[in-house]
Amino acid sequence: MTATTSIQTTPSGDLHDPSSAAYKKARRKYLKSTRNRPEHVAADWTPFRAAEKKYKARFPPPDLSDVLDLAVGDPSRAEEVARGKWKGRTDAAPCTEILLKDTEGRTAYVFPGTPGLVLLPSFVPPAEQRRLVRWALSEQARHPNETNLDTHYVLPTEGLWNQYLKVRRGECEDVEIVPRPAVHGEPTSSGAVGGEPSSEPSGPRKLISNEPASPENYAALASTPKPPAPPSQSLRPAPTSALVPRLRWANIGWYYHWGTKQYDFTRGPGEIAGLVKGVCRSVVEEIPWERVFGGTERGEGMDWGEGGPDWMDWKDSYEPDAGIVNFYQTKDTLMAHVDRSELSATSPLVSISLGCAAIFLIGGLTRDDPPTPILLRSGDVVVMSGPACRRAYHGVPRILEGTLPSHLEGDDGERGDWDVYEEYLRGARVNVNVRQVFPKGFDPTVAGLSRVEAGSW
């Protein structure tokens, strides 16, 4: 039995049906927003930006016929594909099927245009998807792991989600969470209840181009000041239920400092759950890397650094030690970016999709390279590895409404509260993104940061 307070999610009306309220609303907003738009506004867009705009558009609903959707060719996922009426094509982008090393006959796909990119469709089984969702919301998005909301609010020690579960069970009131400035006696200006926290001034968002990390510049990066972000001064207290949809990320392992786009090694290494480590290691161990980088054109001709290609050793050297859980609502996006904060710049980055489906774009070394669009569904895993792929621009311009698969619906028989998780997932995508910061054998205490400076870790 749960209380009536619930998360306010975006309606998943049928954007493909011209007679639906969702379609008409999207059309009205489109006409209003484009009324005074310059005719040639798109002329200066890079190919990556043009793709972002295309798939982000609410009206008209984007055509996904040029989006790679491998689930379309899998009969076992037919019902999943039919949900939301969003589907691409299996032949939309060049890719090659390869057998994984397990004995179950499972397959993965590699991409000749992006060496090092590996897609493992439906790799995570349904029961494990549920366990990962529970872990992400209930265990990872809480103290001592930092979330985007911690900068701005004094969150419950047990975690925002766990308090929300108590609210839904009727075990406590939907109490208001207090902004940090109010707790410290600082004045707060008026703002919308539960408004989007922001420590940045109004106006265009400033992009930070961080220096690629490497063992050579590690000492300099580690000593760079990384002050805490200031809390927003424009927030009012907000009920627990209003803040849950505003959860955007939770840190995993080494703490990532968003202001400098570098890791703050002085805070020491955080814990990485065995469940997540197990999935990531299984992924890396099951991929036949000789099929990904085996040829000269796939390995020797790339800039692997002074040590040369190291994919042959990943079975032993791969050690996930940092990452992030991204919590996307259906209107959220992740703009084009490049990951360059890890010293281990070629080792596998493992990305697990859970909940609603999404469009993933991956391009080349600049935004001028046209990106490949890939439709990722719950249970799919993407691996970015090697110098070309790890330095490629990538992003998520669209979370697809109404695409929660049926295997994430209904009680799971564990704790009797899956209905709350299901309600959240109907309008959300959870992405567990894990990488390796340090190459195996690299000792940060010898490389320029003492244990005293690093918090005696």
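Nothing here was measured: the structure is a model prediction, and the numbers come from that model.

Caption draft 1: Structural context of the sheet that holds strand β13 (residues 372–376). Taken in spatial order, the four strands make up an open sheet running β10-β15-β12-β13, and their pairing is antiparallel. Where the open sheet ends on each side, the last strands, each with one partner, are β10 (334–337) and β13. Neighbour-to-neighbour, the strand axes of this sheet turn through a mean angle of 25°, independent of strand direction. Where β10 and strand β15 (residues 394–399) come together, two bridges link them in antiparallel fashion.

Caption draft 2: The arrangement of the packing of helix α4 (residues 126–140) against helix α13 (residues 418–425) in detail. Where α4 contacts α13, the axes come no closer than 11 Å and their chain directions differ by 85°. Taken together, the axis directions place α4 and α13 in an arrangement best described as roughly perpendicular. Residues Arg130, Val133, Arg134, Leu137 and Ser138 of α4 pack against Trp418, Tyr421, Tyr424 and Leu425 of α13. Grouping the amino acids of the contact of α4 with α13 by side-chain chemistry returns six nonpolar, one polar and two charged.

Caption draft 3: A look at the side chain of Ser351. Within the secondary structure layout, Ser351 lies in strand β11 (residues 349–355). For Ser351, a relative accessible area of 11% corresponds to the buried category. Of note is the side chain of Ser351, whose polar atom sits 2.8 Å from the side chain of Asn431. Every residue in contact with Ser351, bar those within four places of it in the chain, is listed here: Asp380, Val381, Val382, Asn431, Val432 and Asn433.

Rules of the game
- Residues numbered from 1 in each chain as written.
- Predicted model: local features only at pLDDT ≥ 70, side-chain atom pairs only at ≥ 80, totals over all residues.
- Heavy atoms only, no water.
- Pairing = 2+ DSSP bridges.
- Helix = DSSP H or I, 4+ residues; strand = E, 2+ residues; numbered from the N terminus.
- Axes fitted to C-alpha atoms, helices over the stretch in contact; angles between N-to-C directions.
- Parallel < 35°, antiparallel > 145°, perpendicular 65-115°, else oblique.
- Contact = heavy atoms within 4.5 Å.
- Nonpolar A, V, L, I, M, F, W, Y, C, P; charged D, E, K, R; others polar.
- Buried < 20%, exposed > 50% of the residue type's maximum accessible area, 1.4 Å probe, protein only.
- Polar contact = N/O pair within 3.5 Å; in protein donor to acceptor, adjacent residues only side chain to side chain.

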